Amino acid sequence: MLEIKNLHVKLEEEDKQILKGVDLTVETGKVHAIMGPNGSGKSTLSYVLSGREGYEVTEGSAVMEGADLLELETEERAAEGLFLAFQYPVEIPGVSNMTFLRTAVNAQRKARGQEEMSATDFLKEVRAKAKSLKIDAEMLKRPVNMGFSGGEKKRNEILQMAMLEPKMCILDETDSGLDVDAMKLVADGVNALRSEGRSFLVITHYQRLLDHIKPDVVHIMADGRIVKTGGPELALEVEHNGYADILAEMA
Amino acid sequence: MAVQSRKEIMAADRRAQAEARLAATPMPAASGWSATPRQEALSRLIDLGLPHRRDEYWKFTDPTTLSQPEPVKAATFDPQETLIFGGVDRLHLTFVDGVFDAEASDSLEGEGLEIARLSEAEAADIHWAQSLYGTLEARGQQPVARPLAALNTALASDGILIRATGKVSKPVHITYLHNAEASDAILHHVVKVEAGAELTLLENGPAAARFNKVLEVDVADTGAFHHIRAQGRDHERRAVSHIFARLGKESTFKSFTLTVNGVLTRNEAVIEFTGDDAVAHIAGACLGDGDFHHDDTVFITHDAVNCESRQVFKKVLRNGAKGVFQGKILVKEGAQKTDGYQISQSLLLDDDSQFLAKPELEIYADDVACSHGSTTGAIDEDALFYFLSRGIPRKEAQSLLVLAFVAEAIEEIENKDLAGELTERLAAWLQRHSG
């Protein structure tokens, strides 16, 4: 599904290398987790894959099902089926959640040469999906993320994911700022979307999210590289011993 | 011979301009009730002279083309759109280059309404409008002179006089068409909303190469006046408009203006609270691309207790367009419990555009809540990235963010159908002017 090779990235504004040769392959239908200490480049990886400005790829490639992501505009990557659940979802005054969702769904359908979804079908679907994430109708009418709690914002990200039905989902620290109940709700939403044709890259600092979203593969990232790859037990090792042991072992 | 001061030279310039303008523009021969107010306005004009580009009140907007004897030519432009408000059940009146078009207008009558053309009504010796025509304009000359409004009262060729005596169900809609390249239109409307009555006035259209319009509105106790205006189409047109409003006890005044295109637009509003517990909201949104200059100048005087005033102005500017906002709230001694709010914001879509704002508060009462704010900014990059990451193309994302930016001003319109129609026009304009 996603193949990243030797990816080197520096900040555009200053001469600072953030990613120093990331190699990562996410197979179709699998859930991969990336863990790592602060500043290891986890979030940068998610931004570069989605095409945020401010980063310069100096070497390497990122290909999603044959599409060269680095050659595509952000919106084209989305239409190809890439989705990033933001660590800090953006508040947009003046645009209702519903308008935002419908515009996004239809823009992607249009880009893929599909017909726009009718207003009735859209409404039916969004209501059903919102309900399973405990997002009430009132929240849908409100401006995007305005006045939403931390948990509501993250649930709203998952709702967008559910509506857009991407192939490749990147979750950037989706657990940050969530209490146990909210995390459970978000994880249930993600688990409901797991399927044979859909892959996930779950970026997290802590192991606890991975109790709820069980990964197939766990990677440890440090200083701009993947330094260790293993099964779910690797996450438990981090939980018990912290990153220091693993990093010392690598040094 | 004494040496003239700069002030004296400017005053002489102003008067010379007024005389040149009067020589070029014939004064309508009025023999009825309007003769006196027109003559008085003429005296005011000669006394004040026409605005000088060095006048403090015209610091950000050059009045030369509004003052000079002849208008600058303006090409007519067809955006291939039907005229706005066409779907509304209304009493529709049409002016072409400032001349009333009876063929294209409904007959002047309506339930709860006395309505007449100024040029026809002013032949009579007495009329309900005679206590208002030029009166509110004259009151509005203090503390800041507005000579182009005095010129209007003196020289207006026509206008509509509307008296609402009950709840008027159909809005009165005035469309101003522009056909002649060098047309110079001066229209003066008077609206009187009697106690407990309600009226909605809609206005739209480019009007003329140069348009000078005055709207005097007197809202009696518990009356309500709603005003929605769309100034659009022709790029080269120039316009100055004044609204003079006087608000009685527990009355309501709401005015919204959408402006797109136009080399020069100066919209002044002078609102005075004379009765307690009244509400006045004035809002505007403008979109300018290229050779566009838009100026909102507002003066609100609180001279009564517990009144609420709200000013919400949003400007979207690109390719060197210029936006101006001058807004003042004056709270007189004794106008306690005043609630005054003012916000002016601009969204600059590139580095070439400019927004100049001069918010002012002058308060002589000690128990009031007044606030003002002004901001200038570009499109929020984080918001834009959020849209793009969801697959929304850049142009569409920008349009949505621009519409979101002006939403606070549009929300001031109570009639949601009309607000929706204006939003559609905005979206269409953005579509034409993207990229």
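From a predicted model like this one, the values you see are computed outputs, not experimental measurements. (Residues numbered from 1 in each chain as written. Chains lettered and ligands numbered in written order. Predicted model: local features only at pLDDT ≥ 70, side-chain atom pairs only at ≥ 80, totals over all residues. Heavy atoms only, no water.)

Asker: Could you give an account of the overall build of chain A, with specific residues and numbers?
Answerer: Helix and strand counts for chain A stand at 9 helices and 10 strands. Taken against the 2.2 N^0.38 rule, which gives 18 Å for 251 residues, the C-alpha radius of gyration of chain A at 18 Å falls within 12% of a compact globule. With the principal axes as the frame, chain A shows a C-alpha extent of 55 × 40 × 35 Å. Counting over 251 residues, chain A shows a buried share of 53%. When contacts within chain A are restricted to residue pairs at least 6 apart in sequence, long-range pairs at least 24 apart make up 70% of them. (Helix = DSSP H or I, 4+ residues; strand = E, 2+ residues; numbered from the N terminus. Rg over C-alpha atoms; globule rule 2.2 N^0.38 Å. Buried < 20%, exposed > 50% of the residue type's maximum accessible area, 1.4 Å probe, protein only. Contact = heavy atoms within 4.5 Å.)

Asker: Got a sec to walk through the environment of A:Gly197? Specific residues and values, please.
Answerer: Residues and elements named next belong to chain A. Tracing the sequence through the fold places Gly197 in the loop between α7 (180-193) and β8 (199-204). On the basis of relative accessible area, Gly197 is assigned to the partly exposed category, the value being 43%. Distance in space between the C-alpha atoms of Gly197 and Leu234 is 25 Å, their sequence separation being 37 residues. If near-sequence neighbours (up to four positions away) are discounted, Gly197 is found in contact with Met1, Thr28, Gly29 and Lys167.

Asker: I'd like a rundown of unusual backbone geometry, residues and numbers included.
Answerer: All names here are of chain B. Here Gln142 and Pro143 are connected by a cis peptide whose omega angle stands at 0 degrees. Mapping Pro143 onto the fold places it in the loop between α5 (135-139) and α6 (147-155). Although it is not a glycine, Ala207 adopts a positive phi angle of roughly 75 degrees. Relative to the elements of secondary structure, Ala207 occurs in the loop between β7 (198-204) and β8 (210-219). Accessibility expressed as a relative area gives 2% for Ala207, which makes it buried. Its identity as a non-glycine residue notwithstanding, Asn306 has a phi of 60 degrees, on the positive side. By secondary structure assignment, the location of Asn306 is in the loop between β14 (293-302) and β15 (308-318).

Asker: Break down the sheet that holds strand β4 (residues 160-164) of chain B for me, citing the residues and quoting the values.
Answerer: All names here are of chain B. Read from one edge to the other, the open sheet built from 9 strands follows the order β3-β4-β6-β8-β10-β12-β14-β16-β18, with strand pairing classed as mixed. Two strands bound the open sheet, and with one partner strand each, they are β3 (113-117) and β18 (354-363). Strand after strand, the sheet turns through a mean of 5 degrees between neighbouring axes, direction not considered. Inspection of the sheet shows strand β10 (residues 238-247) paired to strand β12 (residues 264-273) by 10 bridges, in the parallel sense. Paired with Arg238 across the strands is Leu264, a residue of β12. (Pairing = 2+ DSSP bridges. Axes fitted to C-alpha atoms, helices over the stretch in contact; angles between N-to-C directions.)

Asker: Can you tell me about the side chain of A:His205, naming the residues and giving the values?
Answerer: Residues and elements named next belong to chain A. Relative to the helices and strands, His205 resides in the loop between β8 and α8 (208-212). For His205, a relative accessible area of 16% gives the class buried. A distance of 3.3 Å separates the side chain of His205 from the backbone oxygen of Gly36, its partner in a polar contact. (Polar contact = N/O pair within 3.5 Å; in protein donor to acceptor, adjacent residues only side chain to side chain.)

Asker: Residues and numbers for the packing of helix α1 (residues 6-24) of chain B against helix α2 (residues 35-48) of chain B, please.
Answerer: All names here are of chain B. At a closest axis distance of 7 Å, the pairing of α1 and α2 adopts a crossing angle of 140 degrees. In this view, α1 runs oblique relative to α2, as classed from their interaxial angle. Listed contacts from α2 to Arg14, Arg15, Ala18 and Leu22 of α1 are Leu42, Leu45, Ile46, Asp47 and Leu48. Broken down by class, the residue content of the contact of α1 with α2 amounts to 6 nonpolar, no polar and 3 charged. (Parallel < 35°, antiparallel > 145°, perpendicular 65-115°, else oblique. Nonpolar A, V, L, I, M, F, W, Y, C, P; charged D, E, K, R; others polar.)

Asker: An account of the interface of chain A and chain B is needed here, citing residue identities and associated values.
Answerer: Contacts between chain A and chain B engage 30 residues on the former and 17 residues on the latter. For the pair chain A and chain B, the summed buried surface comes to about 1,900 Å²; carbon and sulfur atoms form 68% of the total. Its largest share of buried area at the contact with chain B, chain A owes to A:Arg52, A:Glu75 and A:Phe100, together 26% of the area lost on that side. Summed over the shared surface of chain A and chain B, the number is 3 salt bridges. Summed over the shared surface of chain A and chain B, the number is 9 residue pairs in polar contact (both at pLDDT 80 or more). Among the elements of the structure, α1 (42-50), α2 (74-79), β6 (82-85), α3 (97-111) and α6 (150-164) of chain A are those that each provide at least two residues to the side of chain A that touches chain B. Of all the elements, α3(A) adds the most residues to the side of chain A that touches chain B, at 6 residues. (Buried area = accessible area lost by both parts, 1.4 Å probe. Salt bridge = Lys/Arg side-chain N within 4 Å of Asp/Glu carboxyl O.)

Asker: Go over the pattern of salt bridges, please, and point to the residues and values.
Answerer: All names here are of chain B. Counting across every chain of the model gives 44 salt bridges over all chains. Note that Asp295 and Arg266 form a salt bridge whose closest N and O atoms lie 2.7 Å from each other. One end of the pair, Asp295, is in strand β14; the other, Arg266, is in strand β12, with 29 residues separating them in the sequence. Across the pair, Arg266 and Asp295 agree in class, each one buried.

Asker: So what about the pairing of β14(B)? Which residues, and what values?
Answerer: Residues and elements named next belong to chain B. In terms of residue burial, β14 counts as a mostly covered element, since 10 of its 10 residues are buried. The two faces of β14 match: His293, Asp295, Thr297, Phe299 and Thr301 on one face and His294, Asp296, Val298, Ile300 and His302 on the other face are all buried. Where β12 and β14 come together, 9 bridges link them in parallel fashion. Considered in β14, the bridge of Phe273 is made with His302.

Asker: Quick rundown of the packing of α3(A) against helix α4 (residues 119-132) of chain A? Include the residues and the values.
Answerer: When two helices pack together, their arrangement is captured by the angle between the axes and the distance separating the axes. Residues and elements named next belong to chain A. Running from amino to carboxyl end, α3 crosses α4 at an angle of 115 degrees, the nearest separation of the two axes being 11 Å. In this structure, the crossing between α3 and α4 has a hand that is right-handed. Where α3 approaches α4, its residues Met98, Leu101, Arg102 and Val105 are matched on the opposing element by Phe122, Leu123 and Val126. A class-by-class count of the residues in the contact of α3 with α4 yields 6 nonpolar, no polar and 1 charged. (Left-handed = near helix turned anticlockwise from the far one by under 90°.)

Asker: Residue-level account of the confidence of the model for chain B, with values.
Answerer: Residue-level pLDDT values for chain B average 94, and 99% of them are 70 or greater. Scored by ipTM, the complex comes to 0.95, with pTM at 0.88. (pLDDT = per-residue confidence, 0-100.)

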